[in-house]
Amino acid sequence: MEDPAFSATLIAWQRQHGRHTLPWQNTRDAYRIWLSEIMLQQTQVAAVLGYYARFLERFPTVHDLAAAPVEDVMAQWSGLGYYTRARNLHKCAQRVVAEYGGVFPSDPVLLAELPGIGRSTAAAIAAFSSGTRAAIMDGNVKRVFARVFGIDTYPGERKTEEAMWRRAEALLPAADIEAYTQGLMDMGATLCTRSSPDCTRCPMQPRCVAHATDRVKELPVRKPRKATPEKHAVLLVVVHGGQVLLEQRPAAGIWGGLLSLPEVAGHVAMTEDDVPELDDEAVARALLPLGVPESRERLNVVTHVFTHYRLQIVPVLATLAQRAPLAADGRYLWLDTGKIADAALPAPVKKLLLELLGTDAQGRMF
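What you see is a predicted model, and the numbers here were worked out from it, not measured in a lab.

Visitor: Give a detailed account of the packing of aromatic side chains, specifying residues and quantitative values.
Guide: Overall, the coordinates contain eleven aromatic pairs when judged by the stated rule. Ring centres 5.0 Å apart and planes at 45° place the aromatic pair W34 and F104 in the tilted group. In this pair, W34 sits in helix α2 (residues 30-39) while F104 sits in the loop between α6 (84-100) and α7 (108-111), placing the two residues 70 residues apart along the sequence. Judged by relative accessible area, W34 falls into the buried class, the value being 0%.

What follows is the structure in structure tokens.
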């Protein structure tokens, strides 16, 4: 599977047409490269740019990140999604400081042993920070390989993925690994895109099997579709004296480690014919230990889509006449409504609170 022409073509294209001005490029700083690679996992460049700048301003070095409370890290990450990445980011920084004196190793094998860094991410970090010759295999690369080489089996299938890794290793150039690696990323992100590939400008078009056989739209083979499960959750928006009550989520699971609104019964599975219902007695029981309600109002359902299910959020606004003392375990806290925008909240919860309190600020005092 060795093919020097493939890498030579890709490197020449990247140097002339690839991306060269992204904020994490033109540096050998492994910390900045690592941060960008983690943020870009399952997230597009446009969405990452602002977070990347703010994150570096708050945590300019790996030592700063390692020393920060995890709550501060989660707050900076809030809204970027896939929150396990943020928890692993913090753990990884602490490991790098404790085990490597704050210097990321250049060996992809050692990098891959750190929290949140898999084989492909480790290779990218090593290539860009140290010029290490190592193969990447992210979604962009799989798509490019599937089309250029006519791979007609699902890339997520174990045998297909293993074959792609062997091909990726065989295609590595003897030199210019940085331009080659960036070229694979750039081609998948700007030309060989999922839905609107620009084949007319692609340097691989003369040798692309998918283009030659009119299968660009068919490749890569998509994962067999399954029906998206539906769940619903009743969230309590408990307000009093210009503050809203928040609950610390467990470290594991959905929205792990973030603050959120108290839930009545968790995320409950629904059938196709179900509509999100409100159990008034269950809501009353959930409010009982929080204080004395003055008023209660069901709000419009908010839909949020996770990777593996769709959640119908049923918010209930409860204004308290008197709040109860908080438990000593630190599970709950009262937050000033003016601080919601900077709090470590899940994106749909933050959006709900900002919209609700922004409207209510005109006419209601909590």
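What follows continues from the structure just given.
Visitor: Account for the side chain of T43, naming residues and giving values.
Guide: Inspection of the secondary structure assignment puts T43 in the loop between α2 and α3 (45-58). A distance of 3.5 Å separates a polar atom in the side chain of T43 from the backbone oxygen of M39. For T43, the residues in contact, after removing those within four places along its chain, are V48, L80 and R85.

Visitor: Help me get a handle on helix α10 (residues 158-171), residues and values and all.
Guide: In this model α10 runs 20 Å from its N-terminal to its C-terminal C-alpha over 14 residues, within 8% of the 20 Å that 1.5 Å per residue would give. If you check which residues of α10 are buried, you get T160, M164, W165, R167, A168 and L171. Relative to the axis of α10, the buried residues are bounded by an arc of 165° and lie together on one face. Of the exposed residues in α10, those oriented more than 90 degrees away from the buried face are R158 and K159. Where the residues of α10 are buried, they touch α1 (4-17), α8 (119-130), α9 (139-148) and α11 (177-191).

Visitor: Would you mind going over the pattern of salt bridges in detail, with residue names and values included?
Guide: On inspection of all chains with the given rule, the structure shows 16 salt bridges. Taking the shortest distance from any N to any O, the salt bridge between E99 and R95 comes out at 2.5 Å. Pair noted here: E99 and R95 are both in helix α6, with a separation of four residues, about one helical turn. On the basis of relative accessible area, E99 is assigned to the partly exposed category, the value being 44%. Note on R95: relative accessible area 28%, which makes it partly exposed. In this structure, the salt-bridge partner of E161 is K142, at a minimum N-O distance of 3.0 Å. Separated by 19 residues along the polypeptide, E161 in helix α10 and K142 in helix α9 bring together distant segments of the chain. Overall, the relative accessible area of 27% leaves E161 in the partly exposed class.

Visitor: Lay out α11 in plain terms, naming residues and giving numbers.
Guide: Taking 1.5 Å of rise per residue, 15 residues should cover 21 Å, and α11 covers 20 Å from first to last C-alpha, within 8% of that figure. In terms of residue burial, α11 counts as a mostly covered element, since twelve of its 15 residues are buried. Looking only at α11, the buried set comprises I177, A179, Y180, T181, Q182, G183, L184, M185, D186, M187, G188 and L191. Contact partners of the buried residues in α11: α1, α2, α8, α9 and α10.

Visitor: Before we move on, could you go through empty space enclosed by the protein and cite the residues and values that matter?
Guide: Inspection of the entire model under this criterion finds one cavity of 30 Å³ or more. Approximately 110 Å³ is the volume found for the largest cavity. R147, C192, C199, C202 and C208 are the residues nearest the centre of the largest cavity, which is lined by 15 residues in total. Among the elements of the structure, α9 and α11 are those that each provide at least two residues to the lining of the largest cavity. With three residues, α9 is the single largest residue contributor to the lining of the largest cavity.

How each quantity is defined
- Residues numbered from 1 in each chain as written.
- Predicted model: local features only at pLDDT ≥ 70, side-chain atom pairs only at ≥ 80, totals over all residues.
- Heavy atoms only, no water.
- Phe/Tyr/Trp six-rings, centres within 6.5 Å; stacked < 30°, edge-to-face > 60°.
- Helix = DSSP H or I, 4+ residues; strand = E, 2+ residues; numbered from the N terminus.
- Buried < 20%, exposed > 50% of the residue type's maximum accessible area, 1.4 Å probe, protein only.
- Polar contact = N/O pair within 3.5 Å; in protein donor to acceptor, adjacent residues only side chain to side chain.
- Contact = heavy atoms within 4.5 Å.
- Expected span 1.5 Å × (residues − 1).
- Arc of directions from axis to C-beta.
- Salt bridge = Lys/Arg side-chain N within 4 Å of Asp/Glu carboxyl O.
- 1 Å grid on protein atoms, 1.4 Å probe; cavity = no way out; pocket = protein on both sides within 12 Å on 5 of 7 lines; lining within 4 Å.
- Points joined across faces, edges and corners; volume = space filled by probe spheres on them.

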